[in-house]
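# Summary of the model geometry
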Amino acid sequence: MKPPRKLHIKSYGCQMNVYDAQRMVDTLAGEGFVETASVDDADLVILNTCHIREKASEKVYSELGRLRVVKDDAARQGREMKIAVAGCVAQAEGEEIIRRAPTVDVVVGPQSYHHLPQLLARAQAHGRALETEFPVEDKFGFLAPPKPAAIRARGISSFVTVQEGCDKFCTFCVVPYTRGAEVSRPVGKIIDDVMRLADNGVREITLIGQNVNAYHGEGPDGRTWPLGRLLHRLAEIPGIVRLRYSTSHPRDVDDSLIEAHRDLASLMPFVHLPVQSGSDRVLAAMNRRHTARDYHEVIDRFRAARQDIAFSSDFIVGFPGETEEEFSATLALVMQIGYAGAYSFKYSPRPGTPAADMRETVSAAEMDERLVRLQDLIDSQQSAFNKAMIGKTVDVLFERAARNPGQIVGRTAWLQPAHVMASPDIIGQVLPVTIESLERYSLLGELAPAAAPPAPSSLSQMTTGA
Ligand code: 5AD
Ligand code: SF4
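Residues numbered from 1 in each chain as written. Chains lettered and ligands numbered in written order. Predicted model: local features only at pLDDT ≥ 70, side-chain atom pairs only at ≥ 80, totals over all residues. Heavy atoms only, no water.

## Re the sheet that holds strand S18 (residues 407–411)
Operational definition: Any two strands with at least two DSSP bridges between them are considered paired. Working definition: helices are DSSP H or I runs of at least four residues, strands are E runs of at least two. Numbering for both runs from the N terminus. In this description, a line fitted to the C-alpha atoms serves as the axis of each element, helices being fitted only across the stretch in contact, and the angle between N-to-C directions of two axes falls anywhere from 0 to 180 degrees.
Read once around its circumference, the closed barrel built from five strands follows the order S17-S18-S19-S21-S20, with strand pairing classed as mixed. Put simply, the sheet's adjacent strands are angled 55 degrees from each other on average, direction ignored. Note: strand S20 (residues 430–439) against strand S21 (residues 442–447), six bridges, orientation antiparallel. Each bridged residue has a counterpart across the sheet, and for Ser-437 the counterpart in S21 is Leu-444.

Below, the structure is given as structure tokens:
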């Protein structure tokens, strides 16, 4: 038997990329590749790039410079190493990468990962290969026909892609250009994936998509299903005790989604709902298609449906022309909403996007200063949110053994890691935990009396069912 070839994937960016990396590993497993943690002994290195923020392409070229040295060393030892660039930078810069980085063998866009084996063969035969087309159909063809290996369960919590691409065209964002138009997978295929994952021990599913609540997949009844209806259906699948979805656009929150939060105990009360700015002038220049007030109204609808719901968000500081007053409107919005956490970024122009042509800029010093002020405020809200857990008893879905011996770690409904001393048998179960303390971002607690000690015979069963 041939020894397995070794594959090293370096992933940057969003959870979509984490999921894509898994897809690539699965596709290449069929070709006899196994993953390796080190670049040095890899037969194939894939850079899974992200184009969303700061100087993404320069970083890729400097990483490729380092990889060239490793590749040359391997060649001197008589070993061939192939280098592939995947992800959004590959999509945006395809030809340019081939031109500028002769060390690269394969350039592959996010819609073509299922062709990786063919692309490698093509590179072997012809030297190099590039594929960055948006196929009109069969965008998700890699999952159909359903190969058992196509979605391998990894642990208790898993992502499932339900839509890809985005039609919103926020003026700062490359996603509509790199990931293409919004496409939703049919409901039936998603149900099959989730059932298969549940059979493999997965208990929590996060539905992902660049604009997940724009979901409008074809249902088994031939009608178009919105995300809320899909969630209702997935909640019926035995074994699935928690559902989440990410990332949402405020404009696409419809009644079906709000009703899902009202009706489904398994739909977690934690929503990532990026707002980007609190200033209506900036929101309009960003082409966000909502005002600060619209955003507040959406938040109020969620809160009315489920009172323990919490939110996270994304913010951009220093969008072209953002004044101090406009930035203050962002701080005011954060103060009014009260977040459980949020990501904030300094604006960085992405070539090809409308905002990159806007001439008014905000100085680097001002951006830095605004970022610190915003992050301080968000950090204080996040700590307050975490501290408020102390003394409470909350449900935790246990996922794996923690680094400290004897400890098992899981997550609360709000994605906070929670550690308890317990038997590994609790992995896969949702159990109430009384939170005793907070260590940095992690909660420490004890299994609540009702759950401890669980009878050995019930250990492998779940306490909550869908
Ligand atoms: N500059 C800064 N931040 C950006 N984001 C997207 N594009 C840019 C950009 N050009 C941020 C947005 C988005 C998150 C994923 O990345 O806040 O929600
Ligand atoms: Fe980008 Fe999100 Fe705006 Fe779509 S909705 S263009 S993914 S920021």
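## Describing the sheet that holds strand S2 (residues 33–35)
We count it as follows: In what follows, a contact means two residues having at least one pair of non-hydrogen atoms within 4.5 Å.
Reading across the sheet, the six strands line up as S2-S1-S3-S4-S5-S6 and stay open at both edges, with parallel pairing between neighbours. Edge positions in the open sheet fall to S2 and strand S6 (129–131), since each of these has one partner strand only. This sheet shows a mean twist of 20 degrees between the axes of neighbouring strands, independent of strand direction. As judged from the two bridges shared by strand S4 (residues 82–86) and strand S5 (residues 106–108), these two strands associate in the parallel manner. Counterpart to Ala-84 in the pairing with S5 is Val-106. Across the sheet, helix H1 (residues 15–29) is in contact with strand S1 (5–11), S2, strand S3 (44–49) and S4; its angle to S3 comes to roughly 155 degrees. Across the sheet, helix H2 (residues 56–76) lies against S1, S3 and S4, angled at about 175 degrees from S3, the strand it touches most.

## Quick look at the site of ligand 2
Convention followed: Definition of nearness: a residue and a molecule or strand are near each other if at least one heavy atom of the residue lies within 4 Å of the molecule or strand. Classes in brief: Ala, Val, Leu, Ile, Met, Phe, Trp, Tyr, Cys and Pro nonpolar; Asp, Glu, Lys and Arg charged; the others, Gly included, polar.
With respect to spatial proximity, the complete set of residues near ligand 2 consists of Cys-166, Lys-168, Phe-169, Cys-170, Phe-172, Cys-173, Val-175, Pro-176, His-249 and Arg-288. Tallied by class, residues from the shell around ligand 2 come to seven nonpolar, one polar and two charged.

## What about the pairing of strand S10 (residues 204–208)?
For the record, the criterion: Working definition: with a 1.4 Å probe on protein chains only, accessible area under 20% of the residue-type maximum means buried, over 50% means exposed, and in between means partly exposed.
S10 sits mainly inside the fold: five of its five residues count as buried. Every second residue of S10 is oriented toward a common face, with Glu-204, Thr-206 and Ile-208 on one face and Ile-205 and Leu-207 on the other, all of them buried. Pairing of strand S7 (residues 157–161) with S10 involves five bridges; the strand directions are parallel. Of the residues in S10, the one forming a bridge with Val-160 is Leu-207.

## Quick notes on helix H7 (residues 227–234)
Note that an α-helix has 3.6 residues per turn; residues three or four places apart therefore point the same way. Our working rule: Note that the arc is computed from the directions linking the helix axis to the C-beta atoms.
Along H7, the positions that sit buried rather than exposed are Leu-227, Gly-228, Leu-230, Leu-231 and Leu-234. Summarising the axial view, the buried residues of H7 lie within an arc of 160 degrees, below the 170-degree limit, and thus occupy one face. Taken together, the buried residues of H7 touch helix H6 (187–199), S10, strand S12 (224–226), strand S13 (242–246) and helix H8 (255–263).

## Quick look at the nonpolar core
We apply this condition: To qualify as a nonpolar core, a set must consist of buried Ala, Val, Leu, Ile, Met, Phe, Trp, Tyr and Cys residues joined through side-chain atoms within 4.5 Å. An automatic or database domain assignment is the source of the domain bounds shown.
Residues Leu-207, Leu-231, Tyr-245 and Phe-302 are the most contacted members of the largest nonpolar core, which totals 53 residues. The residue makeup of this core includes at least three contributed by each of domain 2 (145–267) and domain 3 (269–387). Ignoring any residue separated from it by four or fewer positions in sequence, one finds Leu-207 in contact with Val-160, Val-162, Val-212, Leu-227, Leu-230, Leu-231, Leu-234, Arg-244, Tyr-245 and Ser-246.

## Remarks on the pattern of salt bridges
Definition in use: A pairing counts as a salt bridge when a side-chain nitrogen of Lys or Arg comes within 4 Å of a carboxyl oxygen of Asp or Glu.
With the rule as written, the count across this model stands at 29 salt bridges. Between Asp-73 and Arg-76 there is a salt bridge; the shortest N-O distance is 2.6 Å. You can see Asp-73 and its partner Arg-76 sitting in helix H2, three residues apart, about one turn around the helix. What you see here is one network of salt bridges that share partners, running through Glu-322, Glu-324, Glu-366, Glu-369, Arg-370 and Arg-373.

## Digging into the domain arrangement of the protein chain
Put simply, the rule reads: The buried area of a pairing is the accessible area, by a 1.4 Å probe, that goes missing from both parts when the two are put together, added over both.
Along its sequence, the protein chain is carved into domain 1 (5–126), domain 2 (145–267), domain 3 (269–387) and domain 4 (393–453). Each of domain 3 and domain 4 was reduced to a C-alpha centroid, and the two centroids are 32 Å apart. At the interface, eight residues of domain 3 touch seven residues of domain 4. At the boundary of domain 3 with domain 4, total buried surface from both sides reaches about 700 Å², with 66% on carbon and sulfur atoms. Looking only at domain 3, the three residues that lose the most surface to domain 4 are Phe-270, Phe-385 and Asn-386, adding up to 63% of its buried area. Between domain 3 and domain 4 we count zero salt bridges in total. Residue contributions to the side of domain 3 that touches domain 4 peak at four residues, all from helix H12 (residues 364–387). Here the residues of the side of domain 3 that touches domain 4 sort into four nonpolar, two polar and two charged.

## So, the packing of aromatic side chains
The cut-off we apply is this: Under the pairing criterion, centres of Phe, Tyr and Trp rings, with the six-membered ring standing for Trp, must be within 6.5 Å; the plane angle then separates stacked pairs below 30 degrees from edge-to-face pairs above 60, leaving the rest tilted. In our convention, an over-ring charge means Lys NZ or Arg CZ found within 6 Å of a ring centre and within 35 degrees of that ring's normal.
Inspection of every chain in the model, using the stated rule, returns five aromatic pairs. The interplanar angle of 70 degrees and the centroid separation of 5.7 Å between the aromatic rings of Phe-302 and Phe-311 together place this pair among those described as edge-to-face. Accessibility expressed as a relative area gives 0% for Phe-302, which makes it buried. Taking the centre distance of 6.2 Å and the plane angle of 80 degrees together, the rings of Phe-385 and Trp-414 count as edge-to-face. Separated by 29 residues along the polypeptide, Phe-385 in helix H12 and Trp-414 in the loop between S18 and strand S19 (417–421) bring together distant segments of the chain. Geometry around Tyr-61 places Arg-100 over its ring, the cationic atom sitting 3.7 Å from the centre.

## Observations concerning the side chain of Lys-82
Put simply, the rule reads: Under this definition, polar contacts are N or O atom pairs within 3.5 Å; protein pairs additionally need one hydrogen-donor-capable and one acceptor-capable atom, and for neighbouring residues in sequence, both atoms have to be side-chain atoms.
Assignment of secondary structure puts Lys-82 in strand S4. For Lys-82, a relative accessible area of 10% gives the class buried. Of note is the side chain of Lys-82, whose polar atom sits 2.8 Å from the side chain of Glu-80. Contact partners of Lys-82, with chain neighbours within four places excluded, come to Asp-43, Leu-44, Val-45, Asp-105 and Gln-124.

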